[in-house]
2 protein chains.
Amino acid sequence: MAAKLDGTGVTYQQLSDLEHDFDDVETEIIRQQVRLTEPLYEKRRELVSQIPGFWNLVIEQAPSDIDEWIQPSDSAVLLSSLTSLSVSHFEVEGGAQGDPRSVAIRWEFAENDFFEDRVLEKKFWYRHSKNGSSGLVSEPVNIKWKEGKDLTEGLLSLAKAVWDEDQAQGTIQTKKKRKDLTATQKALEEKIDSIGLGGVSFFAWFGFRGDPVTAEESRTAVQEQKDRRHRRKNGEDVESPAREEEEEDEEEDVDLEIFPYGAQVAMAIADDLWPGAIKYFTQAQEEDEMSDVDFESNQSSGSSLADEGLSDDEAERPSKKRKA
Amino acid sequence: MAAKLDGTGVTYQQLSDLEHDFDDVETEIIRQQVRLTEPLYEKRRELVSQIPGFWNLVIEQAPSDIDEWIQPSDSAVLLSSLTSLSVSHFEVEGGAQGDPRSVAIRWEFAENDFFEDRVLEKKFWYRHSKNGSSGLVSEPVNIKWKEGKDLTEGLLSLAKAVWDEDQAQGTIQTKKKRKDLTATQKALEEKIDSIGLGGVSFFAWFGFRGDPVTAEESRTAVQEQKDRRHRRKNGEDVESPAREEEEEDEEEDVDLEIFPYGAQVAMAIADDLWPGAIKYFTQAQEEDEMSDVDFESNQSSGSSLADEGLSDDEAERPSKKRKA
């Protein structure tokens, strides 16, 4: 029998199954939201493409979950050269039945002094592991830095080289046994150590990999989990496989993830910056107006988007940010 | 002609209309979400009603948006006497076509030393003002404190008395001209001043009113706004009414709102604490286990809800909280 909570007839399994039921509904809701907002995002793309500097101003107002990772040197590139940002739910486009939480984040740049790329796109797949957890996983995207301009100081290209080695060996695990480290892996570990916390470039985000769950493992995990839930609903006493105890980090284990908060940053972009872009742009305009000598005349051109008085959830965020 | 952004063919009006189109879709999505999750919340209610202390543990783990308002003395009441919490989207229940963002938050209590009430329910209506803003408004709910046990020190009952006076006079504005203050209003102002920032009881939240928008004003505002948008889509050059400049707070103006962040707290309960209740409960259980001497044996009873390794947006919040 499944373990019951002390003094009750309820099992953790029942609570867990119910949470999965909620999760299924949430997935369906996100799928519908993607479908219903698609034409509006297309219309927004058309409108904002006519506004020079739109995305630069949006980035300038990025919420703290994103902004905290942008170093002054990153900011210089983003504010001067970013020409477009877009988020697509690529696993459900065109009516496909993939996971609506999977997102591709595409950055477009003008000619600039830092790198050759005009487009940098990073894909995140929403995957489920055997032990019941779920989240975004990705793979490193390299950047063709110009001579002496690598803002990640070699970190990103090393992470990509380690990924390529791992691909050749058929592994996606970022945690390695120290005794098994290859020369490239050792070089990456030293690079990570030399940079230290808080100092890494935002562009290292392109190197994020996430937890090692393959598409195949994820499909199997989802199917098995659904089967078990279904059988329990029919009264069978089916236990989920015991969650593997997470191994204690041993001294010999080395984690070669270069941007551990990569998934959170991706979610902040997809769920906040992207849907709120017009709001952030308007905020930036208002701040410009506020600091403008010609305040009165600008004021009379009247942004009807200003949020004063009553305000909704969206509009609250900036004031919270100011409070912090 | 509507004002264009400098150097572009785009008007603020176009951006604003598009934001309203997004908002309409979002409203529809929330409506569907409420409908689809209703049976799941009912099932959850049945399950958790069998777990003594469920809601006390959830409150103990409340996210900081809520927790920061709970004083130690409030906490004593909530942790010992709260028996149930529930959120309903009362304007769309039973297929009604009201606003799905309107919520009623219902607290149930066991017999306790502080007040006579077994149920405290506060309703929040999502309303739109003439100037294009929107948000939650409410009305004060009184609490029958036992002798000498009023945690708000008279603040809540004065706020209710002022509301009753306002109702009799047909106003819902919390901002008053100093010269027009009644004796009750003066008493409330003095009480607000005497308590000061940061020291107010969480129970003062029941006195929140929000911005003065009536149901009638809201209906008219929504209709007029939709009409204008529709006409603009058909090519007419219809401007929205100029947003009234917010009056500078004059020295004679007194704001008698006793819990200015009431709407934000309501949203944090409805959008985070309520949907995440099982997650917060599980966290509390895990913390209990962690601090338990008998750690190993509890561990083997295996909560399969533990989030380790991969984690989703929901699961991230607690770790962010710990980071802060």
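Residues numbered from 1 in each chain as written. Chains lettered and ligands numbered in written order. Predicted model: local features only at pLDDT ≥ 70, side-chain atom pairs only at ≥ 80, totals over all residues. Heavy atoms only, no water.

- In the annotation of an unreviewed UniProt entry, chain A is listed under the name Nucleosome assembly protein and assigned to Echria macrotheca.
- Here chain A is described in UniProt, under the heading Sequence similarities (unreviewed entry), as follows: "Belongs to the nucleosome assembly protein (NAP) family." (UniProt positions renumbered as here; feature names shortened; annotations may be inferred.)

## Thoughts on the packing of aromatic side chains
Aromatic rings in a pair are described by how distant their centres are and how their planes are angled relative to each other.
Residue and element names in this part refer to chain A.
Moving on, step 1. Evaluated as defined, the whole model comprises 42 aromatic pairs over all chains.
Moving on, step 2. Ring centres 5.9 Å apart and planes at 75 degrees place the aromatic pair Trp 107 and Trp 205 in the edge-to-face group. Taken together, the residues Trp 107 in strand β2 (residues 103-109) and Trp 205 in the loop between α6 (183-195) and α7 (215-233) connect sequence positions 98 residues apart. Trp 205 carries the same exposure label as Trp 107, and that label is buried.
Moving on, step 3. Feature note: the residues Trp 107, Phe 109, Phe 115, Phe 124, Trp 145, Phe 202, Phe 203, Trp 205, Phe 206 and Phe 208 constitute an aromatic cluster, connected by ring pairs. (Phe/Tyr/Trp six-rings, centres within 6.5 Å; stacked < 30°, edge-to-face > 60°. Helix = DSSP H or I, 4+ residues; strand = E, 2+ residues; numbered from the N terminus. Buried < 20%, exposed > 50% of the residue type's maximum accessible area, 1.4 Å probe, protein only.)

## Here we look at the pairing of strand β3 (residues 119-128) of chain B
Residue and element names in this part refer to chain B.
Moving on, step 1. Most of β3 sits inside the fold, with seven of its ten residues counted as buried.
Moving on, step 2. Sheet analysis places strand β2 (residues 103-109) next to β3, joined by six bridges and oriented antiparallel. Note on β3: the bridge partner recorded for Arg 106 is Glu 121.
Moving on, step 3. Direction of pairing for β3 relative to strand β4 (residues 134-138): antiparallel, over a ladder of five bridges. Bridged to Tyr 126 within β4 is Leu 136.
Moving on, step 4. Following β3, the chain reverses through five residues before pairing antiparallel with β4; Gly 132 in that reversal takes a positive phi of roughly 95 degrees. (Pairing = 2+ DSSP bridges.)

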